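Examining the three-dimensional arrangement
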Amino acid sequence: MTHDSDIKKVLIVGAGMSGLMLGILLTHAGIDFAIYERVAEIKPIGSTMAFDSRILAVFEQLGMLDEALKISFPCRGLNFYDSKLQVMGGFDLSEYKDRTGYDTILFSRPQMHQLFLSKIPKEKLHLGKKIESIEDSGENVIIHCADGSSANGDVLVGADGAYSGVRTSLFKTMVEKSLLPEADREELSVGHICMVGTTKPLEDSKYEALKDNFSHFERVMMQGTPHSWSTATVPGNRVCWLMTTQLGSTSTDTTRFKNAEWGPEANQSMINEVRDYPCALGGTMGDLINLTPPEMISRVFLEEKLFETWHHGRVVLIGDACHKMLPSGGAGAINALQDAVILANCIYDIASATSENIHNAFADYRAQRFPKAKYQMDKAKVMATIQYGQTWKDRAIRHVIFNWIPKSIQTEQLLKDTTYRPQVMFLPNIENRGTVVLEPQRPCKKYIQKQSAE
């Protein structure tokens, strides 16, 4: 596809899912881009993730839905157990496909990330590129890397995670100009530490759940401790697992943690503490840990913060770089991908690459996404209380939800989120196949003009 935008080059920092998705979208828009990632080698680290109708329509637009479904299982619900594996309650997702047109799907993060990578031309991806500084001349933007290389483009997108180097450099400039809001100078807050992994292929004779072609998603709460854990079966006879420890609410030390989100950590002490805990699939969590290659285990901090500043000049932020959400119900990943979709729509509609037009496009992107991200931040916090919370108040809230709120009301509350389903507005729209009424979306002017001309 060719595009007559004056935007000649988009620089993307970060090869996580949001950065890669933006690259895929720009490919379809016919806009040149390059992705710069600080690590020299992308490693397959992570555990289970979930997508649903809020982003799967975009996969369908991009021709990626079938590939995504091949590496996923549909999920019919999330079940909660106490430490004796007695059922506490859960969430029923069985109506999702009829109501939204799509299943909720579960998959291992490494496989989905590899699918995204496969859509990026190799010459567009530059590894081992740690960003040292940014120059915004007003006419273009230049990144300077630690290896002495540099690159310039019309706009720069920071998709480099919770401890974004792009955001750090941008905020430093804004502080010097007395433009940065006070709230954006505060550190991220962290309330949980999490260890995740994905096993090697297992024999279904040991785990009966592996015989099914849908995901068994189970969560166990250990009362009297700060620990909880979950397991999810995924294609390939593998199990994704996650161990969560609730911490006090503190600010993180960015010097220590900024590069540790998915990197391997010193895990043994945490493993020793939890290995005898019962697994809802059978056996103990230690059994699953022993069946997981060490390089597939990592420990991460679960931070949260919504930044007020999402853009300045020719620099804009997406995903965790501007809103770090607790990973509850796929909110963080789905919202990061929705950022990429809306930003791509706004970039596509830029008539010429003047500073004013770029500012207006970025302001439009923030105006569309900030209220949604704020709502999802609050929702993710509630879901984290249900899924991870171990204080007496958290347990009381979980008890009320599971025992006093009817399942029908729970389902309707979960489905409310699915009414917002942004699509790529320069590609053919996917019709709503469910019964949920979707929020309207503003079309791209240029796409309408092109369709009319044709």
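Residues numbered from 1 in each chain as written. Predicted model: local features only at pLDDT ≥ 70, side-chain atom pairs only at ≥ 80, totals over all residues. Heavy atoms only, no water.

**Some points on the overall build of the protein chain**
Let me state the cut-off plainly: Secondary structure counts use DSSP, requiring at least four H or I residues in a row for a helix and at least two E residues in a row for a strand, with both numbered from the N terminus. Two things to know: the radius of gyration comes from C-alpha atoms, and the globule rule equals 2.2 Å times the number of residues to the power 0.38. Only protein chains enter the calculation, and the probe is 1.4 Å; a residue is then buried if its accessible area is under 20% of its type maximum, exposed if over 50%, and partly exposed in between. Working rule for contacts: check all heavy atoms of both residues, and any pair within 4.5 Å makes them a contact. Using a 1.4 Å probe, the Shrake-Rupley method yields the accessible areas, and only the shown protein chains count as cover for residues. A positive count includes Lys and Arg, and a negative count includes Asp and Glu. His and the chain ends are not counted in either. A charge is said to be at NZ when it belongs to Lys, at CZ for Arg, at CG for Asp and at CD for Glu.
Secondary structure assignment for the protein chain yields 14 helices and 19 strands. Expected size for 454 residues packed as a compact globule is a radius of gyration near 22 Å; at 22 Å, the protein chain falls within 12% of this value. Along the three orthogonal principal directions, the C-alpha set of the protein chain runs to about 65 × 50 × 40 Å. Here the protein chain holds 454 residues, and the buried ones make up 56% of them. Across the protein chain, contacts joining residues at least 24 apart in sequence account for 75% of those joining residues at least 6 apart. Accessible surface, the protein chain as shown: approximately 19400 Å² in total, 52% of it carbon and sulfur. Measuring between centres, the 49 positive side-chain charges of the protein chain sit 2 Å from its 54 negative side-chain charges.

**Examining helix α2 (residues 53-61)**
Judged by how many residues are buried, α2 sits mostly within the fold: eight of nine residues are covered. Along α2, the positions that sit buried rather than exposed are S53, R54, I55, L56, A57, V58, F59 and Q61. Among the residues trailing α2, G63 stands out with phi positive, at a value near 75°.

**Points about the pairing of strand β14 (residues 227-234)**
Inclusion rule: When DSSP finds at least two bridges between two strands, those strands are taken to pair.
Most of β14 is tucked away: eight of the eight residues are buried. Of the two faces of β14, the one holding H227, W229, T231 and T233 and the one holding S228, S230, A232 and V234 are both buried throughout. Bridging between strand β13 (residues 215-221) and β14 involves five bridges; their strand directions are antiparallel. When the bridges of β14 are listed, V220 appears paired with W229. Linking β13 to β14, which pair antiparallel, is a turn of five residues; within it G224 sits at a positive phi near 85°.

**Some words on the pairing of strand β10 (residues 150-153)**
The two faces of β10 differ: A151 and G153 on one face are buried, but S150 and N152 on the other face are not. Note that strand β9 (residues 141-145) and β10 share four bridges and pair antiparallel. Note that in β10 the partner of H144 across the bridge is S150. Between the antiparallel neighbours β9 and β10 lie four residues, among them G148 with a positive phi of about 95°.

**Here's the deal with the layout of surface pockets**
Inclusion rule: With a 1 Å grid laid over protein atoms only, a set of points is called a cavity when a 1.4 Å probe fits there but cannot get out and a pocket when it is open yet has protein on both sides within 12 Å along at least five of seven lines; lining residues have an atom within 4 Å of a point. Grid points are joined across faces, edges and corners, and a volume is the space filled by probe spheres set on the points.
Of the voids in this model, the second largest pocket is the one considered here, and its volume is about 350 Å³. Along the walls of the second largest pocket sit 19 residues, with C346, D349, I350, D364 and K445 positioned nearest its centre. Breaking the lining of the second largest pocket down by element, the ones donating at least two residues are α10 (331-348), α11 (355-388) and α14 (445-453). The element best represented in the lining of the second largest pocket is α11, accounting for five residues.

**Here we look at the environment of I405**
Among the structural elements, I405 can be located in the loop between α12 (392-404) and α13 (407-416). Looking at I405, the relative accessible area reads 31%, which means it is partly exposed.

**Examining the sheet that holds strand β2 (residues 33-36)**
Here six strands make up an open sheet; going across it, the order is β7-β2-β1-β11-β18-β17 and the pairing mixed. The open sheet is flanked by β7 (125-126) and β17 (311-312), the only strands paired with a single partner. As paired elements, strand β11 (residues 155-158) and strand β18 (residues 315-317) share three bridges and run parallel to each other. Bridge pairing in β18 places G158 opposite L317.

**Quick notes on the packing of helix α1 (residues 17-29) against α10**
Formally: In this analysis an axis means a line fitted to C-alpha atoms, helices contributing only their contacting stretch, and an angle means the value between N-to-C directions, from 0 to 180 degrees. The cut-offs work like this: below 35 degrees is roughly parallel, past 145 is roughly antiparallel, 65 to 115 is roughly perpendicular, and the gaps in between are oblique. Put simply, a crossing is left-handed when the front helix is turned counterclockwise from the back one by less than a right angle, and right-handed when it is turned clockwise. In this classification, Asp, Glu, Lys and Arg are treated as charged, Ala, Val, Leu, Ile, Met, Phe, Trp, Tyr, Cys and Pro as nonpolar, and every other residue, Gly included, as polar.
One way to put it is that α1 packs onto α10 with a least axis distance of 9 Å and a crossing angle of 30°. Compared by their axis directions, α1 and α10 come out roughly parallel. In this structure, α1 crosses over α10, and the sense of that crossing is right-handed. Facing M17, S18, M21, L22, L25, L26 and A29 of α1, the residues of α10 in contact are A336, L337, A340, V341, L343, A344, I347 and Y348. Here the residues of the contact of α1 with α10 sort into 14 nonpolar, one polar and no charged.

**Brief notes about the side chain of S18**
Among the structural elements, S18 can be located in helix α1. The contacts of S18, once residues within four sequence positions are left out, are A159, I318, A336, L337 and A340.

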